[in-house]
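Examination of the molecular architecture
Listed here are the chains, written in short residue letters.
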Amino acid sequence: MGSKTDRGGNQDLVLVGEIGAAQGLKGEVRLRSFTQDPADIAAYGPLRDEAGIKTIEIERVRATPKALIARIKGVGTREAAEALNRTKLYVARNALPEAPEDEWYVADLIGLSAVSPGGEVLGTVTAVHNFGASDIIEVAPSDGGTPLLVAFTDAAVPKIDVANGQLVLIPPQEIEAKEDAEDSDAETSGADDSED
């Protein structure tokens, strides 16, 4: 399983990166890329801002040990680069190739209903994160509780049905075990209190 991109509010645009701080004095910027191969962000041609109005063209990218550095067309000063800080970069959804089998664009996963194997609605997928090890699905529970973070693996997410707007989610057992342990601690605590 895998993911390649993320989505903003406009369903016709897919988030592929974000401009960070200025790098040096000649207009280069740090670039956070959400594409599978980070340098591929430059291959999509002109990108758009979140409103879909402003066009941003990446002339070149280079990878350093600490960051991806990009030169943006028409940006030649540090001040101009700083003005772009935190600009999210989008590409039209129809410009992306079809995802291979058993891979999905994050844009296709956001908003899916997360259901148990028995069909009980557990919540809604609100994000897919990757903190360096593997993808993690974030689900906002139907009851409004704390968001659930689940590893995006075949064991935890055995079925994804984008056409019907849902995925099957098997929450990790550690959560249930922790709740059982808390209940057990409460019972033990109550037993200790009765002996006093």
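The following refers to the structure shown. Owing to the predicted nature of the structure, the values given are computational and were not obtained by experimental measurement.

Section: the pattern of salt bridges
By the definition in use, this model includes six salt bridges. A salt bridge links E57 to K73; the shortest N-O distance between them is 3.9 Å. With a gap of 16 residues between them, E57 in the loop between β5 (55-56) and β6 (58-63) and K73 in the loop between β7 (68-72) and α1 (78-83) connect regions that are remote in the sequence. For E57, a relative accessible area of 33% translates into the label partly exposed. Connected via shared salt-bridge partners are E28, R60 and R62.

Observations concerning the side chain of D161
Tracing the sequence through the fold places D161 in strand β13 (residues 159-161). The side chain of D161 is buried and forms no salt bridge, while K159, the nearest opposite charge, is found at 4.8 Å. Within polar-contact distance, the side chain of D161 engages the side chain of N164 at 2.6 Å.

Calculation criteria
Residues numbered from 1 in each chain as written. Predicted model: local features only at pLDDT ≥ 70, side-chain atom pairs only at ≥ 80, totals over all residues. Heavy atoms only, no water. Salt bridge = Lys/Arg side-chain N within 4 Å of Asp/Glu carboxyl O. Helix = DSSP H or I, 4+ residues; strand = E, 2+ residues; numbered from the N terminus. Buried < 20%, exposed > 50% of the residue type's maximum accessible area, 1.4 Å probe, protein only. Lys, Arg positive; Asp, Glu negative; His and termini not counted. Polar contact = N/O pair within 3.5 Å; in protein donor to acceptor, adjacent residues only side chain to side chain.

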